[in-house]
Amino acid sequence: MHGDDGIVLRLPDLELEDLDGLRERGVGRELLDLVTLDPDDVRGLVTEEIGGSALFAARFRECAARALLLPRRQPNRRQPLWQQRQRASQLLEVASQYPSFPIVLEAVRECVQDVFDVPGLVDLMRDITSRRVVVVDVESSVPSPFAKSLLFGYVAQFLYEGDSPLAERRAAALALDPSLLAELLGTSEGLALRDLLDAEQVARTEAELQRLTPERAARDADDVLDLLRSLGPVPTDGILARSREGVTGEDVTRWLADLAGARQVIAVRVAGEDRWSAIEDASRLRDALGVSLPPGVPQTFLEPVVDPLGDLVARYARTHVPFHAADVARAYGLGIAVAATALSRLMATGRVVEGELLPTGGGGTEFCDAEVLRMLRRRSLAALRAEVEPVTPVELSRFLLGWQGVGGRLRGREGLLRVVEQLSGAVLPASAIESLVLPSRVVDYSPGLLDELMATGEVLWCGHGSLPGDDGWLSLHLADSAHLTLPGPDPDLVPDEQGLAVLDALAGGGAHYFRTLSDHVASIDDEALSTTLWDLVWSARVTGDTFAPVRALLAGGRTAHRRTASGPRRTRYAGRRGPLGGLGTAPARPSLPSRGGPPRVTGRWSLLPPVDLDPTQRAYANAELLLDRHGILTRGATVAEDVPGGFAALYRVLARAEEAGRVRRGYFVEGLGASQFGTTGAVDRLRSGTGGVGATGRDRASSPPAAVVLAASDPANPYGAALPWPDRAVDPTGGKEEGTDKRRRRHQPGRKAGAVVVLVDGDLVLYVERGGRTLLTSSEVPDLLRAAAGALADAVRRGSLGRITVEKADGGWLLGSDHPVVPALEEAGFHLTPRGLRMRR
């Protein structure tokens, strides 16, 4: 049931325990599949279902009354509503049998255009496909105000469902004329396809359908039998033309004689021509065309069928590109009116489409099988898109930012779950996950959201090796697909005796607190056990049920990405002894022994789930995951992700997916090679230029440039992965030749832990090395530098970055220099110090 405030989905015959089971499996995600449709199918689905609705019955009654088809018996008296409904129902029963009845078509047009905003629904489904619109499921114990009004309407509609008139409950099955309806709606496929279908693709498809291509040529008698079953009656010369090179007429004659002797084919005369037909068509040829059958046909093949002529015409349509009714009449020796009647019946069932489909049709309309027309449309679109110029690398950068939701487009728990799903398996510095990666994608991100997902078992984290300063490489995973995205234990990091003891304690299953592990491994003290536990984390063997130990670990050292701690700032006197012997901020309190263990091992610890070692399953999962993450998958992006087997392992999976129509391959981004893969929604969004952050299209020139700060290793940063690092804007030698090579080697960008990039409208403008003392510029445009410096200063003020003191730019000292980045930093709020330009929270 639909309304202006939403849609109600009713799940019949569902008990409470069934609902609990569905809720455990994620009923919301399953229901999302019910409300997301293929944009190309929306209009047809609505038109098909509209005839069975009460809305259509009411609109038909109103249209019939306006057309004076339901006159009053007495003009001076009103007619009761029940009588109007009854007469409209009787009229509809008769009118529904005629596909071109104007009142039926007008009622459908009113429902589709005036009542339902079908074009808006198509646009919405396209936005969902291209991820301009995000769909999330929210489960609440109390209905919202919108849901309350819908539920009230639901009760009102279904409480008296049995008492509503028959005409209002369900209309008769409609037989609509698709071409007339399409013209009324302004969506005629002929109008849309007349200038779209490519002549070369039409000729290619015709040859394939008629078995005239070398790869589909007949090689032996079995192929000839299959050919006759697919195409219908064919003369001997036609069979020879459809045979492989080297086959002679004698070979074809011998094959046909063998098949005829085995009672698999028969010789018939159709349209004044001798042909061969599969014996299964004997009754159709006899009843539809009056063909004389040879003696000896088994009785099984002589049984009449429901619509013999319709079957022959439908097969002709399946094996031909758009054709005229005269072509069918000539092929079977029929009158044109007879062939047109059979085609009309097929149009009523939706198997055949009529319209001006071919630019060289010679006038009039053509007929075409619906599936053949879809094939021609897809191939013509592919040919047209192949001729489209690829976008620039900067457009790819803008697209990737929008595709991954950078800029805070998602909210709450469901939004964070979607981000984790997209970043599953991406290896990131632990210090960047909650300072730069997640806050840039989720509005008002808080650590509690991630802890909640981990506590409920929906998300887990995995270590990939340590970094200097109590930091390391981590990845987030959805628990449902972790067996396909986890890397497995690192074979180079073999546990020692203490590590084996801890693994033995965890091998029984379940999760254990640190003190439980300590009691099990009594010979190891707390500090050694903590170190051993983290060694097992970095070797991808052990994980925790919360992110708190990672935060505690990061708080105890000099991490790659420094972040300003939230909360009150400590004064310079904190920790000093006061004049009375106590601390300067609070009186000293004796420390008490704790059963919880050190802060960096809080929570419960368990073994990571076992991984699926099937290479096929992992390659398929990796291909789907990387397409979901990058949208447009290139060789460089795959290499940066360090996928096992590299791009070659994924290429086979992607090529098969392209053959199945699930992905597209093409030259989408210039300069990145021809092996680029993407989903249809991603490619359309990339080429439309509406996928980035900030202003797009012609508004970009008049709007302030949008700048984002990302970790250099963030998957949303295409530079150093799919795209090469841009050229340096300023000579790193400062105009001096001495030490040129050494200085350039020292200051080179890379996807390193601790490094930060600032992108402005997709262009990489600033690259800040770890620690913030040195930065590299890729532009000298003042507006871009000001926008980048402002974004960098805002990140420091928000606490995403620690204090930054910029000492060098492009290899040269900033103090006393005329580097173009100096005024941009000063305008953003950086102040001059003896060491350089500084910004602090």
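Values in this document were obtained by computation on a predicted structure and should not be read as measured data.

The rules behind the values
Residues numbered from 1 in each chain as written. Predicted model: local features only at pLDDT ≥ 70, side-chain atom pairs only at ≥ 80, totals over all residues. Heavy atoms only, no water. Helix = DSSP H or I, 4+ residues; strand = E, 2+ residues; numbered from the N terminus. Buried < 20%, exposed > 50% of the residue type's maximum accessible area, 1.4 Å probe, protein only. Contact = heavy atoms within 4.5 Å. Areas by Shrake-Rupley, 256 points an atom, 1.4 Å probe, with all protein chains shown as cover. Pairing = 2+ DSSP bridges. Phe/Tyr/Trp six-rings, centres within 6.5 Å; stacked < 30°, edge-to-face > 60°. Lys NZ or Arg CZ within 6 Å of the ring centre and 35° of its normal. Axes fitted to C-alpha atoms, helices over the stretch in contact; angles between N-to-C directions. Parallel < 35°, antiparallel > 145°, perpendicular 65-115°, else oblique. Nonpolar A, V, L, I, M, F, W, Y, C, P; charged D, E, K, R; others polar. Left-handed = near helix turned anticlockwise from the far one by under 90°. pLDDT = per-residue confidence, 0-100. Core = buried A, V, L, I, M, F, W, Y, C linked by side-chain atoms within 4.5 Å. Salt bridge = Lys/Arg side-chain N within 4 Å of Asp/Glu carboxyl O. Polar contact = N/O pair within 3.5 Å; in protein donor to acceptor, adjacent residues only side chain to side chain. 1 Å grid on protein atoms, 1.4 Å probe; cavity = no way out; pocket = protein on both sides within 12 Å on 5 of 7 lines; lining within 4 Å. Points joined across faces, edges and corners; volume = space filled by probe spheres on them.

1. Digging into the overall build of the protein
Phase 1: Helix and strand counts for the protein come out as 36 helices and 26 strands.
Phase 2: Burial statistics for the protein: of 841 residues in total, 45% are counted as buried.
Phase 3: Considering only intrachain contacts with a sequence separation of at least 6, the fraction spanning at least 24 residues in the protein is 69%.
Phase 4: For the protein, the exposed surface amounts to about 43,300 Å²; the carbon and sulfur share of it is 52%.

2. Observations regarding the sheet that holds strand S17 (residues 676-678)
Phase 1: Read across the sheet, three strands follow the order S15-S17-S16 without closing on themselves; strand pairing throughout is antiparallel. This sheet does not close on itself; its edge strands, each paired only once, are strand S15 (632-633) and strand S16 (664-666).

3. Here we look at the packing of aromatic side chains
By convention here, two paired aromatic rings are described through the distance between centres and the angle between planes.
Phase 1: Scanning the entire structure with this criterion turns up 13 aromatic pairs.
Phase 2: Ring centres of Phe-323 and Phe-367 lie 6.5 Å apart, and the angle between their planes is 35 degrees; on these two criteria the pair is classed as tilted. Separated by 44 residues along the polypeptide, Phe-323 in the loop between helix H17 (308-318) and helix H18 (325-332) and Phe-367 in strand S6 (residues 366-369) bring together distant segments of the chain. For the pair shown, Phe-323 and Phe-367 are each scored as buried.
Phase 3: Between Phe-399 and Trp-403, the aromatic rings sit 5.4 Å apart at their centres with planes inclined by 35 degrees, giving tilted as the arrangement. Of this pair, Phe-399 and Trp-403 both sit in helix H21 (residues 393-403), four residues apart, roughly one helical turn.
Phase 4: Look at Trp-403 and you get buried, because its relative accessible area is 5%.
Phase 5: Connected via pairs of aromatic rings, a cluster forms that spans Trp-461, Trp-534, Trp-538, Phe-547 and Trp-605.
Phase 6: Against the face of Trp-813 rests Lys-808, its NZ or CZ located 4.5 Å from the ring centre.

4. What about the packing of helix H13 (residues 221-231) against helix H15 (residues 249-261)?
Packed helix pairs are characterised by how far apart their axes lie and by the angle those axes make with each other.
Phase 1: Their axes nearest at 9 Å, the elements H13 and H15 cross at an angle of 75 degrees. The angle between H13 and H15 places the two elements in the roughly perpendicular class. The segment H13 lies against H15, with Ala-221, Val-224 and Leu-225 engaging Trp-255, Leu-256 and Leu-259.
Phase 2: Residues that form the contact of H13 with H15 fall into these classes: six nonpolar, no polar and no charged.

5. Some points on the sheet that holds strand S12 (residues 512-513)
Phase 1: The strand order across the open sheet built from three strands is S12-S14-S13, with neighbouring strands paired in antiparallel fashion. Each having just a single partner strand, S12 and strand S13 (542-544) make up the two edges of the open sheet.
Phase 2: Sheet analysis places S13 next to strand S14 (residues 604-607), joined by three bridges and oriented antiparallel. If you follow Gly-544 over to S14, its bridge partner there is Trp-605.

6. A look at the packing of H21 against helix H33 (residues 680-688)
Phase 1: Viewed as axis vectors pointing N to C, H21 and H33 meet at an angle of 125 degrees, and their least axial separation amounts to 9 Å. Comparing the axis directions of H21 and H33 gives the class oblique. Considering how the two elements wind past one another, H21 and H33 form a crossing that is right-handed. Packed against H21, whose contacting residues are Glu-395, Leu-396, Phe-399, Gly-402 and Trp-403, the element H33 presents Ala-682, Arg-685 and Leu-686 at the interface.
Phase 2: Looking at the contact of H21 with H33 residue by residue, the class counts come to five nonpolar, one polar and two charged.

7. A closer look at the confidence of the model for the protein
Phase 1: Mean pLDDT over the protein stands at 81; residues scoring 70 or higher make up 83%.
Phase 2: Per-element mean pLDDT across the protein ranges from 42 in helix H9 (residues 166-169) up to 94 in strand S19 (residues 756-760).
Phase 3: Across residues 567-594 the pLDDT falls below 50, and counting only partners more than four positions away or on other chains, this stretch makes 16 contacts in the model.
Phase 4: Note on residues 735-739: pLDDT under 50 across the span, and zero contacts to partners over four residues away in sequence or across chains.

8. Thoughts on the nonpolar core
Phase 1: In terms of nonpolar packing, the biggest core is built from 77 residues, with Trp-461 and Phe-830 touching the most fellow members.
Phase 2: Ranked by residue count, the leading element in this core is helix H35 (residues 782-798), at 10 residues.
Phase 3: The contact partners of Phe-830, leaving out residues within four places of it in the chain, are Ala-789, Leu-792, Ala-793, Ile-804, Val-806, Leu-825, Leu-837, Arg-838 and Met-839.
Phase 4: Membership of the second largest hydrophobic core comes to 38 residues, among which are Val-391, Val-683, Leu-686 and Val-757.

9. So, the pattern of salt bridges
Phase 1: Applying the stated criterion across every chain, the model contains 41 salt bridges.
Phase 2: In this structure, the salt-bridge partner of Arg-786 is Asp-783, at a minimum N-O distance of 2.3 Å. Here the residue Arg-786 and the residue Asp-783 both occupy positions in helix H35, the gap between them amounting to three residues, near one helical turn.
Phase 3: On the accessibility criterion, Asp-783 (45% relative accessible area) is partly exposed.
Phase 4: With a closest N to O distance of 2.8 Å, Asp-794 and Arg-797 form a salt bridge. Here Asp-794 pairs with Arg-797, and both are found in helix H35, just three residues apart, close to one helical turn.

10. Observations concerning the side chain of His-320
Phase 1: With respect to the helices and strands, the residue His-320 is situated in the loop between H17 and H18.
Phase 2: One polar contact links His-320 to Gln-210, side chain to side chain, over a distance of 3.3 Å.
Phase 3: A polar contact is formed between the side chain of His-320 and the side chain of Thr-319, at a distance of 3.2 Å.
Phase 4: With residues up to four places along the chain from it excluded, the contact list for His-320 reads Glu-206, Leu-209, Gln-210 and Val-372.

11. Re empty space enclosed by the protein
Phase 1: Scanning the model with the defined rule gives five cavities of 30 Å³ or more in all.
Phase 2: Approximately 130 Å³ is the volume attributed to the largest cavity.
Phase 3: A breakdown of the residues in the lining of the largest cavity according to their chemical character gives six nonpolar, five polar and three charged.
Phase 4: Every residue lining the second largest cavity is listed: Trp-725, Pro-726, Arg-728, Pro-749, Leu-764, Tyr-767, Leu-776, Thr-777 and Ser-778.
Phase 5: When residues of the lining of the second largest cavity are traced back to their parent elements, those giving at least two are strand S20 (763-768) and strand S21 (774-777).
Phase 6: Looking at the lining of the second largest cavity residue by residue, the class counts come to six nonpolar, two polar and one charged.

12. Brief notes about the pairing of S20
Phase 1: Along S20, five of the six residues are buried, which leaves the element largely enclosed by surrounding structure.
Phase 2: The sheet contact formed by S19 and S20 spans five bridges and is antiparallel. Bridging from a neighbouring strand, Val-757 pairs with Tyr-767 of S20.
Phase 3: Count of turn residues in the S19/S20 antiparallel hairpin: two residues, of which Asp-761 carries a positive phi of about 50 degrees.
Phase 4: Examined bridge by bridge, S20 and S21 share three bridges and lie antiparallel to one another. Directly across from Val-768, in S21, lies its bridge partner Leu-775.
Phase 5: Two successive antiparallel strands, S20 and S21, enclose a turn made up of five residues, where Gly-771 displays a positive phi of approximately 95 degrees.

13. Describing helix H24 (residues 447-455)
Phase 1: When we look at burial in H24, the residues that qualify are Leu-449, Leu-450, Asp-451, Leu-453 and Met-454.
Phase 2: As for H24, its buried residues are in contact with helix H22 (412-422), helix H23 (430-437), strand S10 (459-467), strand S11 (471-478) and helix H29 (548-555).
Phase 3: The first or second residue beyond H24 is Gly-457, which carries a positive phi of 80 degrees.

14. Brief notes about the environment of Ala-548
Phase 1: Note on placement: Ala-548 falls in helix H29.
Phase 2: Distance in space between the C-alpha atoms of Ala-548 and Arg-600 is 7.5 Å, their sequence separation being 52 residues.
Phase 3: Once residues lying within four places of it in the same chain are set aside, the contact partners of Ala-548 are Asp-451 and Thr-602.

15. What about the pairing of S6?
Phase 1: The alternating pattern of S6 places Glu-366 and Cys-368 on one face and Phe-367 and Asp-369 on the opposite face, and all of these are buried.
Phase 2: Relative to S6, strand S5 (residues 352-355) runs antiparallel, the two being bridged by four bridges. From the neighbouring strand, Val-353 faces S6, where its bridge partner is Cys-368.

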